[in-house]
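Here is what each chain is made of, one letter per residue.
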Amino acid sequence: RMGISKQKRKSKTHKFLMKKILYISLLFVGCLTTEAQINTEVEHVQNYIQTTSQTEWFDPINKTGVLENGSQYDLSYYVLPDNTLFSIIYTVFDKATLRKSFYFKNNQLIACIVEETDTNNANKILKYADYFIKDNVLINKEDENKYFPSTNIINEGLEKINTFNN
């Protein structure tokens, strides 16, 4: 009788372990699939930005000014021939140069790229973040940067397009 009970426990344990391995395997495959979908979505946005930047003619609208702290800024709007906004580039010149580039498609924010570079050497990137958005949802959540929180950067991009459209 004792042997049968041990055999049943082994069988149950074996079934439980097999289910656990199957579950973990499915979870892993699901993660890979999700990562592949994220990469595909990001690539679509990147391709749109690159293709549009290379093939369209822009008539930029530039505004310059001085912030309360004395730093100079440059705000540039890049408008497509059909008068829709393609990008806004906001640059603040201070101890470090901070450039925020916001990209739009059909008046929807699709990407935000933030670079902080050394003022004396623009090739020296001090901090960087890029966020890609689809249907108002952040695609690449795993790329969150503590120096440039995605929520703040995305909200700034939305505020800037609203200011432009009004």
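Definitions and limits used
Residues numbered from 1 in each chain as written. Predicted model: local features only at pLDDT ≥ 70, side-chain atom pairs only at ≥ 80, totals over all residues. Heavy atoms only, no water. Phe/Tyr/Trp six-rings, centres within 6.5 Å; stacked < 30°, edge-to-face > 60°. Lys NZ or Arg CZ within 6 Å of the ring centre and 35° of its normal. Core = buried A, V, L, I, M, F, W, Y, C linked by side-chain atoms within 4.5 Å. Buried < 20%, exposed > 50% of the residue type's maximum accessible area, 1.4 Å probe, protein only. Helix = DSSP H or I, 4+ residues; strand = E, 2+ residues; numbered from the N terminus. Contact = heavy atoms within 4.5 Å. Salt bridge = Lys/Arg side-chain N within 4 Å of Asp/Glu carboxyl O. Pairing = 2+ DSSP bridges.

Draft legend 1. Looking closely at the packing of aromatic side chains. Under the defined criterion, the tally for this structure stands at six aromatic pairs. A connected cluster of aromatic rings, assembled from ring pairs, spans Tyr48, Phe58, Tyr78, Phe86 and Tyr103. The ring of Tyr147 carries the charged tip of Lys127 above its face, separated from the ring centre by 4.5 Å. The positively charged end of Lys160 is found above the aromatic ring belonging to Tyr90, 4.2 Å away from the centroid.

Draft legend 2. Fine view of the nonpolar core. Within the largest apolar cluster, 21 residues are counted, with the highest numbers of intra-cluster contacts made by Leu85, Ile88, Phe102, Phe104, Leu109, Cys112 and Ile153. Elements supplying a minimum of two residues to this core: strand S2 (72-79), strand S3 (85-93), strand S4 (96-105), strand S5 (108-118), strand S6 (121-134) and helix H2 (150-165). Core analysis: the second largest hydrophobic core is formed by twelve residues, Val45, Tyr48, Ile49 and Phe58 among them.

Draft legend 3. Up close: the side chain of Ser71. Structurally, Ser71 is set in the loop between strand S1 (61-66) and S2. With relative accessibility at 4%, the residue Ser71 sits in the buried group. For Ser71, the residues in contact, after removing those within four places along its chain, are Gly65, Val66, Val92, Phe93 and Asp94.

Draft legend 4. Inspection of the pattern of salt bridges at higher detail. Tallied over the entire structure, the rule returns four salt bridges. Residue Glu156 pairs with Lys100 through a salt bridge whose shortest N-O separation is 2.7 Å. Linking Glu156 in helix H2 with Lys100 in strand S4, this pair joins segments that are 56 residues apart in sequence. The shortest N-O distance in the salt bridge between Lys160 and Glu156 comes to 3.6 Å. Here Lys160 and its partner Glu156 are both found in helix H2, four residues apart, which amounts to about one turn of the helix. One exposure class covers both Lys160 and Glu156, and it is buried.

Draft legend 5. Spotlight on the pairing of S5. In terms of strand pairing, S4 meets S5 through ten bridges, oriented antiparallel. Across the sheet, Phe102 pairs through a bridge with Cys112, a residue of S5. Where S5 meets S6, eight bridges bridge the pair, whose relative direction is antiparallel. For Asp118, the partnering residue across the bridge sits in S6 and is Asn121.

Draft legend 6. Spotlight on unusual backbone geometry. Non-glycine residue Asn106 carries a positive phi angle of around 55°. By the element assignment, Asn106 lies in the loop between S4 and S5. With a phi angle near 65°, Asn107 is a residue other than glycine that sits in the positive phi range.

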